[in-house]
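Overview (structure and organization)
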Amino acid sequence: MKAVALKLQWFELGLIAAAAIVVAVMPFVLSNYNRSQGATVAVFVIAILGLNVVTGYTGQISIGHGAFMAIGGYTTAILTHNHGWNDIATLPMALVIGFGAGVIVGLPALRFHGAYLALLTFALALAVPQIAKNYSNFTGGTEGLALPTHSGLWLYGLAWATAAVIFVLTWLLLRGRTGRAFRAVRDSEIAAASSGIGLALHKTFAFGVSAAFASVAGSIYVLINNFVNPDVFGLTLSLYILIGAVVGGLGSLWGVVVGAAFVQLLPIGLTSSNAVSSEAVPVVFGAIVIFVMAVMPQGSAVILGGLAGLPNRIRRSHSSYQPPRMEAR
Amino acid sequence: MPVNLRPWIVPALLAGVVIFLLVGSIESALFAQQTVSGLANGGIYASLGLALVLIYRATQVINFAQGAIATFTTYVAWQFMQWGLGYWGAFVVTLFVAFAGGIAIQLVAIRPVERRGNVLTVVIASIGVLIAVEGAVGWIWGPEIRFMPSAFPVRTYHVGGVAFSLQDLGTIGVSIASVVVLWALFQFTKLGLAMRAAALRPNAARLVGVRVSWMLSLGWGLAAVLGAIAGMMAAASPSVLLQPNMMDGVLIYAFAAAVLGGLESPAGAVIGGLAIGAMLNLLSSYVSWVTPQLLLPAAFVVMLIVLLVKPSGLFGRTRVKRV
Amino acid sequence: MIKRARLTLVALAALAVVVASAAVAATAAGTPGVSAKSITIGGTFPLTGPAQLYSVIPKAEAAYFAYVNAHGGVNGRKINFKYYDDAYNPAQTVPLTHKLVEQDHVFADYGSLGTAPTLATRDYLNKAKVPQVLVATGDSYWGAQYKKYPWTIGFQPDYPGESRIYGQFIASKVPQAKIGVLMQDDAYGENYYNGLVKGLGAAKDKIVDVEKYDATQTDVSSQVVKLKASGANVFALFALPTQTITALVVATKVGWHPTTFINNVSASPLFMGLAQQSGANVQGDISATYVYDVWNNPSTATSKLYKSIIAKYDAGANPLDANVLYGVASAWTMVQALKNAGSPPTRAGLMKALTSMNQVNPFLFPGIKMKTSSTERFPIDQQSLEQYKGTGWQPFGRLFSKAR
């Protein structure tokens, strides 16, 4: 029995090592353009990890994570553009401010469940870009702020290094006592509370961590595009993070890269290829999303696990995964 | 014996709002005009909000594609008129098309997902429908703004310095009429009862012989019909116009209307919609710090405050938590 | 075992071929995008999303290039126009522009639409010395900041220049004016507003009320009601098409009948027709124009040519849409510039051609001359006022020039 567990771990380690090697080798094969595409995939990896903490592990639905990306993006843009900060130095700042914003949203979110929380976060995604537009003295309004450009290689390195750090942080957070508490809250709040888990504390903390990660993702997103304005953080961004998280597989960390690649590479690939006319791209993309949901409703994590012929553990964690409920309560 | 005040909070609040609007309107013609044109917009939010409430009641799912489906069916109506059908002819045909289309979407996009997935995957599927249907409108009919005739005369009447058109009144009237029909459906017909049972207790409903999956399809079909009505009212209004993204600005306020009303209450959605319409106009004309950009965030804050006080909306029933 | 080794070898070989061919592609050509037979140019446009109204522009441009290609191309080279959908989101514009430059190796970024998307890519393109030409936005940056961004140039008259004409007209012709302004609450609206104030000069205190709306908000009835209550008798409308139509309809509905000025962007006869159908009284409204008047002169040689090009190469487009005409006028300018950019054309040659123009564009308003120099970088600098009568615009008066 012990041997089996060890074997599984070796397999997981092997999988991570293989993925790391691929990610590390890629930039030397890719063109400059594809490097920045690769960097943007890492941005979605970070954002989806963040959403996964709050929706996948504590069961609080958020359709508004683009709002937290906006907070990080504007933190970086304003600090570098108006205050001459170094790019990388803004990332910890985005993390801290994002955490604060997450806690502020997380506190009232304690009162809401399911459909109400979904719709309130949806409104948040629309409201935050409006606020950025309003204070144009700092944010540049609709004309935005232009930032210095970076090479694709630099961006790729920064984005994936950050994604790796966030991945490890998430893993460490979720494997221990906090992770168990999160899952307990998700599976049954009343049961969790009666076994002495602080509901409000854990739920708010999860929201903070989640927003902090999304905020860092927003920072790097802005550095890659070397531009920020409210249109960058439109509703589509929030929807894509959610789609990516579910396609990747909520409640598991394995499918994150697949989900991120799905939402970043597929639409832009369709747009810039001649396979379908530009006007038909949304129709095709929307149809693919529906199809993916129909064939693998648990996301890619299960499929990936199945391919590798292993993680029973992952599957088991899935079968116990209770989706957040949508009912009004 | 202590008097229980709780049931009276909401009616008292509503009465207060109505008195405030009436007194303001008597005091100032500008206030009255802002209220009237705000209520006219509110009628549109209410109509789409109703469709959201219906689908939520029937399937316990928030349909993010509701606005896009409404836009699509409105274009269908426009297309029939281009082909020579009169307004009411096109109107009726469109309702049938919408009904069939709503059922088709449920069968093709939602049911396969629902069977193996969970609520969240269904939400993602509805987002997929949103992206696809909104894209299809631009793809099929192009980006141009089109003219959509109104069901009611656009002639305006002036009463004491306040202008209003039959179109405004008609829009509000249609949303109220829809509520009555819906209420009657759920309250007095076997079908309505079966639909509610299918949504809330699918297994129990199945045991008593309700065809649950058919009820869910029916819910989507009926919601699409309500959406089509909302779309046709909206497109004829000068403040929306018939164009591929016409529901973008409406959907968020329709959601807000539905949430304020308690998500399951048709009457709540209509009152919520009218209240939001009037509130937006009055906020932007009388509260100076609410700049045009801050209008949506301000509406969001108001909604949040109401919900913090009453987490299940103005007309929502508080349900007992299950372990 | 052997099988696997062979597989690895094949994979490595394939990889080597890909890398090598990529290297060859990068070094072979002299000027990117130019071959003996073709010139590749590209741009980004909102083909989907909230600004998709403008998606007719690149199609009309592509139609004109197809027409030129069918008649021998530019100095024997065919124009290959690649355009991508950025949905008006700078986060899409930036990667797609990188793709145009680095992957598609375009000769120039042509006609890309929108102020924010252009600002987002301006640094990159200028650093890479890729021409960013005839951008479809009326901000004054493109003509004014040429010292810092020499590879960027606009096309249409700038917004402040246009509204300055309205200001001058009101100051001299409407002595009793009390002006109410409805403007979009961002740089677009501000540009127009500043131009109006400049044009009014000493008469700027005639502005009695300014109401603003946000671009995401289509309903402007509350603002129009307030403008009416302010007692204004002149209505300056600096808005996007949807909000313009709404404002015109609501004004009529609430019984307000001011002298109305409508900015060019929203004054297409199509939009005016829609406003009329929806119950607005638009008789006597005033706007400015710089494109050829195909509406009143349907049977001139220019109109016939224009309509035949659209009918043949952009079937389904409405030739009476001012945006379609705009696309053809812009594409004509690009073709002329490519002709004068040398053979084979160079990027520096293209910029030289665009900054030494002195020509009459048949698709522009008669009398307008496109004149540029190394320090005068506004290709179109003249406009005519027009007034709405019956079912169309009627140009009147002299050409206003040097509007800034």
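In case you missed it, the structure is sitting above this.
Definitions and limits used
- Residues numbered from 1 in each chain as written.
- Chains lettered and ligands numbered in written order.
- Predicted model: local features only at pLDDT ≥ 70, side-chain atom pairs only at ≥ 80, totals over all residues.
- Helix = DSSP H or I, 4+ residues; strand = E, 2+ residues; numbered from the N terminus.
- Rg over C-alpha atoms; globule rule 2.2 N^0.38 Å.
- Buried ≥ 20, exposed ≤ 12 C-beta atoms within 10 Å, placed from the backbone.
- Contact = placed C-beta atoms within 7 Å.
- Nonpolar A, V, L, I, M, F, W, Y, C, P; charged D, E, K, R; others polar.
- Pairing = 2+ DSSP bridges.
- Axes fitted to C-alpha atoms, helices over the stretch in contact; angles between N-to-C directions.
- Parallel < 35°, antiparallel > 145°, perpendicular 65-115°, else oblique.
- Expected span 1.5 Å × (residues − 1).
- Right-handed = clockwise from strand over helix to strand, strands pointing away.

1. Describing the overall build of chain B
A count of helices and strands for chain B gives 12 helices and 2 strands. Of the regular secondary structure in chain B, the N- to C-terminal order runs α-α-α-α-α-β-β-α-α-α-α-α-α-α. By the compact-globule yardstick of 20 Å for 323 residues, chain B fits well, its C-alpha radius of gyration being 20 Å. Along the three orthogonal principal directions, the C-alpha set of chain B runs to about 70 × 60 × 35 Å. Residues counted as buried form 57% of the 323 residues belonging to chain B. Partitioning the intrachain contacts of chain B with sequence separation of at least 6 by distance along the chain shows that 71% fall at a separation of at least 24.

2. Here's the deal with the overall build of chain C
Along its length, chain C carries 13 helices and 14 strands. Over its C-alpha atoms chain C spans a radius of gyration of 24 Å, differing by no more than 12% from the 22 Å that the globule rule assigns to 404 residues. The principal-axis extent of the C-alpha atoms belonging to chain C is close to 90 × 50 × 40 Å. The proportion of buried residues among the 404 residues of chain C is 58%. For chain C, the share of sequence-separated contacts (at least 6 apart) that also reach a separation of at least 24 residues comes to 70%.

3. Section: the interface of chain A and chain C
In this complex, chain A contributes 26 residues to the contact, which on the side of chain C involves 24 residues. Per element, the largest residue contribution to the side of chain A that touches chain C is 4 residues, and it comes from helix H2 (residues 32–57) of chain A. Of the residues contributing to the side of chain A that touches chain C, the split by class is 8 nonpolar, 15 polar and 3 charged.

4. Some thoughts on the pairing of strand E1 (residues 156–159) of chain B
All names here are of chain B. Across 4 bridges, E1 lies against strand E2 (residues 162–165) in antiparallel orientation. Bridged to Tyr 157 within E2 is Phe 164. The hairpin turn running from E1 into E2, its antiparallel successor, is 2 residues long, and Gly 160 in that turn takes a positive phi close to 55°.

5. What about unusual backbone geometry?
Residues and elements named next belong to chain C. Geometrically, the link from Ser 343 to Pro 344 is a cis peptide bond, its omega value of -5° lying close to zero. Mapping Pro 344 onto the fold places it in the loop between helix H12 (322–339) and helix H13 (347–354). For His 105, which is not a glycine, the phi torsion comes out positive at approximately 50°. Structurally, His 105 is set in the loop between helix H3 (90–103) and strand E3 (108–110). For His 105, a count of 16 C-beta atoms within 10 Å translates into the label partly exposed. Unlike most non-glycine residues, Leu 134 shows phi in positive territory, near 50°. As for its position among the elements, Leu 134 is in strand E4 (residues 132–135). On the basis of neighbour count, Leu 134 is assigned to the buried category, with 25 C-beta atoms found within 10 Å.

6. Some remarks on the packing of helix H2 (residues 29–59) of chain B against helix H9 (residues 212–236) of chain B
Residue and element names in this part refer to chain B. Where H2 contacts H9, the axes come no closer than 8 Å and their chain directions differ by 175°. Taken together, the axes of H2 and H9 lie roughly antiparallel to each other. Facing Ile 44, Ser 47, Leu 48, Leu 50, Ala 51, Leu 54, Ile 55, Ala 58 and Thr 59 of H2, the residues of H9 in contact are Leu 216, Gly 219, Trp 220, Leu 222, Ala 223, Leu 226, Gly 227, Ile 229, Ala 230, Met 233 and Ala 234. Looking at the contact of H2 with H9, its residues break down into 16 nonpolar, 4 polar and no charged.

7. Quick look at the environment of Asn191(C)
Residue and element names in this part refer to chain C. Within the secondary structure, Asn 191 sits in helix H7 (residues 187–200). The class for Asn 191 is buried, based on 25 C-beta atoms found within 10 Å. With 53 residues separating them in the primary sequence, Asn 191 and Gly 138 have C-alpha atoms 9.2 Å apart.

8. Remarks on helix H3 (residues 66–82) of chain B
Because the α-helix completes a turn every 3.6 residues, residues three or four places apart line up on one side. Residues and elements named next belong to chain B. For H3, spanning 17 residues, the distance from its first C-alpha to its last is 24 Å, which sits close to the expected 24 Å at 1.5 Å a residue. Summarising burial for H3: 13 of the 17 residues are buried, a large majority. Gly 84 sits one or two positions beyond H3 and adopts a positive phi of about 110°.

9. Focus on the interface of chain B and chain A
Taken together, the contact pairs 46 residues of chain B with 44 residues of chain A. If you list the elements that add at least two residues to the side of chain B that touches chain A, you get helix H4 (87–116), helix H5 (119–141), helix H10 (248–261) and helix H12 (295–309) of chain B. Per element, the largest residue contribution to the side of chain B that touches chain A is 15 residues, and it comes from H5(B).

10. Considerations on the pairing of strand E6 (residues 179–184) of chain C
Residues and elements named next belong to chain C. The buried fraction of E6 is high, at 6 of 6 residues. Across the two faces of E6 the burial is the same, with Ile 179, Val 181 and Met 183 and Gly 180, Leu 182 and Gln 184 all buried. Handedness of the crossover joining E6 and strand E7 (residues 207–213) through H7: right-handed. Pairing of E6 with strand E8 (residues 234–238), which is carried by 5 bridges, proceeds in the parallel orientation.

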